[in-house]
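Working through the structure, step by step
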Amino acid sequence: MSTFKSDFLQVLNERGFIHQGTHLEGLDALAAREVVTGYIGFDATARSLHVGSLVQIIMLYWLQRTGHRPVALMGGGTTKVGDPTGKDTQRALLTDDDIRANIASIQGVFAKFLSFGSGPTDAMMVDNDVWLSKLGYVEFLRDCGTEFTINRMLSFDSVKLRLERESPMTFLEFNYMLMQAYDFHELYRRCGCRLQMGGSDQWGNIVNGVELCRRKDGIEVFGLTTPLLTTASGRKMGKTETGAVWLNEDLCSAYDYWQFWRNTEDADVGTMLSRFTTLAMAEVRRLAALGGAEINEAKKILATEATAWLHGRAAAEAAADTARKTFEQGDAASGLPSVDLARETLARGYPLLDAFLAVQLIASKSEGRRHMGSNALKINNETVTAERALTEADLGGGVIKLSVGKKKHALLRVR
């Protein structure tokens, strides 16, 4: 469908969030006449979500913004099994304590995007461990196992692709799609949930949930997926040379987060502005149409708006100011990521590559030597061509600025 009656689907469509739907006409009609409760599940495999999960969180934001009720489902139960989608090997199994700690760490991000409370459109946060860990095995098989055929389960990509690659799939992982389907059934029973959303790689799991609700509850529920987001060069969204871009501030500073968005490829600016900011689409189209050097101004707006949403406006503007001083003025700006160094250590001579490791600009000394060979390592904006020790002669204003290339910078603060 190119046009929708409901504000919810109209906004998602205009901003490029819609990939597939089980019955978009029916969902559109439902959302146009009443409040729809919809959910997305987030497994707790790490203590922070990464920027790739932001697509899903923002879908919940627009669901609420257009007058509906979002549910953020924490996967305390499903994390014990592990989603096999897109994996060649089984995920590492976490302990109950690890999962609880990860959920506690993850939860805070949602309050940046959703409004929680007890009103009809206030967001809810639920943990599927509440019901999944209480299911009796035989009871579950008798109640739900008869609703799924092995033939159909084998046809879904999460299973089929794994088997085609001749990668072992445990029976534990094979059950993941049944558990996710049961989540939809349980959320319908508990809070009248009629919609599950997710990335396009979750399509098979979502369809199973829609079918289970139809069979067990006699109700039509709906599934909706987003396209998996890749950059114009084909790289998976949220992956960088140094790893995932985390949403928790203790794992990724506001400045580093700002820099991630500032480094968006020219061809992706319009897509990123439409999906990761709340700017009006007319402004998005204007910025995306800029050419030449002007596109860099659009990238700065993208970086500031995306960072303000997660870290707050003040932190975003501070990051933008730090970047301006660093790149346009060459200053060792105070907002850069920093590591403290004892003056006594510097006085003895601090090995150059140890310093770059300490501020996490390189992952190994061999990587540092490769950067040095390509003239990418800099101290206080001066290229380094040979290994040496940092000394007090490198100190200026209490800091030493370290750089890899033009975009990665950090400070050693000498105390």
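See the structure shown above.
Everything quoted here is computed from the prediction, not taken from an experiment.

Remarks on the sheet that holds strand β6 (residues 222-226)
In a beta sheet, neighbouring strands pair by backbone hydrogen bonds and run either parallel or antiparallel. Here six strands make up an open sheet; going across it, the order is β1-β6-β5-β2-β3-β4 and the pairing mixed. A single partner strand is all that each edge strand has here, and the edge strands are β1 (20-21) and β4 (124-127). In this structure, strand β2 (residues 37-43) lies alongside strand β3 (residues 69-75), joined through seven bridges in parallel fashion. Bridged to Thr37 within β3 is Arg69. Across the sheet, helix α10 (residues 176-191) touches β2, β3, β4, β5 (195-199) and β6, and the angle it forms with β2 is around 145°.

Some words on the packing of helix α1 (residues 7-14) against helix α3 (residues 54-65)
Two elements in contact, α1 and α3, have axes whose closest approach is 9 Å; the angle formed by their N-to-C orientations is 140°. Crossing of α1 over α3 shows right-handed handedness. Contacts between α1 and α3 involve Phe8, Val11 and Leu12 from the former and Met59, Trp62 and Leu63 from the latter. Partitioned by chemical class, the residues of the contact of α1 with α3 number six nonpolar, no polar and no charged.

What to know about the sheet that holds strand β11 (residues 377-379)
Strand order in the open sheet made by the five strands is β9-β15-β14-β11-β12, with mixed pairing throughout. On the outer flanks of this sheet lie β9 (338-341) and β12 (382-383), each paired with one strand and no other. For β11 and β12, the ladder comprises two bridges, and the chain directions are antiparallel. Residue Ile379 lies in a different strand from β12, and its bridge partner there is Glu382.

So, unusual backbone geometry
In this structure, Gln360 takes a positive phi of about 65° despite not being glycine. Tracing the chain through its elements places Gln360 in the loop between α18 (352-358) and α19 (365-373). Judged by relative accessible area, which is 65%, Gln360 ranks as exposed.

Re the pairing of strand β14 (residues 399-404)
Each regular strand displays side chains that alternate between the two surfaces of the sheet. Most of β14 is tucked away: six of the six residues are buried. Two strands pair when backbone bridges link them, and β11 and β14 are joined in this way by three bridges, in the antiparallel orientation. Bridged to Lys378 within β14 is Ser403. Of the strand pairs in this sheet, β14 and strand β15 (residues 408-414) are connected by six bridges, and their pairing is antiparallel. Within β15, the residue paired with Val399 across the bridge is Arg413. In textbook terms, the turn of a hairpin is the stretch between consecutive antiparallel strands, and for β14 and β15 this stretch comprises three residues, one of which, Gly405, has a positive phi near 70°.

Considerations on the packing of aromatic side chains
The final tally for this structure, using the stated rule, is nine aromatic pairs. Here Phe42 and Phe110 contribute two aromatic rings whose centre-to-centre distance is 5.0 Å and whose plane-to-plane angle is 75°, an arrangement assigned as edge-to-face. Taken together, the residues Phe42 in strand β2 and Phe110 in the loop between α4 (96-106) and β4 connect sequence positions 68 residues apart. A residue is classified by how much of its surface remains accessible, and Phe42, at 6% relative accessible area, is buried. Of the residues examined, Phe110 reaches a relative accessible area of 0% and is grouped as buried. Where Tyr257 meets Trp261, the ring centres are 6.0 Å apart and the plane angle is 75°; that geometry is what we call edge-to-face. Placement of both Tyr257 and Trp261 in helix α12 (residues 254-262) is noted, with a separation of four residues, approximately one turn of the helix. The residues Tyr257 and Trp261 share a single accessibility class, namely buried. Each residue in the set Tyr61, Trp62, Phe113 and Trp309 is aromatic and connected to the rest through ring pairs, giving one cluster.

Considering the pattern of salt bridges
Counted under the stated rule, the structure contains 20 salt bridges. Between Asp97 and Arg100 there is a salt bridge whose closest N-O contact spans 2.4 Å. Pair noted here: Asp97 and Arg100 are both in helix α4, with a separation of three residues, about one helical turn. Residues Asp97 and Arg100 agree in their burial class; the two are exposed. A salt bridge links Asp266 to Lys299, with the nearest nitrogen and oxygen atoms 2.5 Å apart. A residue pair is termed long-range when its members are at least 10 positions apart, and Asp266 in the loop between α12 and α13 (269-276) and Lys299 in helix α15 (residues 295-311) qualify at 33 residues. Among the residues examined, Asp266 registers a relative accessible area of 48% and is labelled partly exposed. Among the charged side chains, a network of salt bridges with common partners joins Glu147, Glu211, Arg214 and Arg215.

Calculation notes
Residues numbered from 1 in each chain as written. Predicted model: local features only at pLDDT ≥ 70, side-chain atom pairs only at ≥ 80, totals over all residues. Heavy atoms only, no water. Pairing = 2+ DSSP bridges. Helix = DSSP H or I, 4+ residues; strand = E, 2+ residues; numbered from the N terminus. Contact = heavy atoms within 4.5 Å. Axes fitted to C-alpha atoms, helices over the stretch in contact; angles between N-to-C directions. Left-handed = near helix turned anticlockwise from the far one by under 90°. Nonpolar A, V, L, I, M, F, W, Y, C, P; charged D, E, K, R; others polar. Buried < 20%, exposed > 50% of the residue type's maximum accessible area, 1.4 Å probe, protein only. Phe/Tyr/Trp six-rings, centres within 6.5 Å; stacked < 30°, edge-to-face > 60°. Salt bridge = Lys/Arg side-chain N within 4 Å of Asp/Glu carboxyl O.

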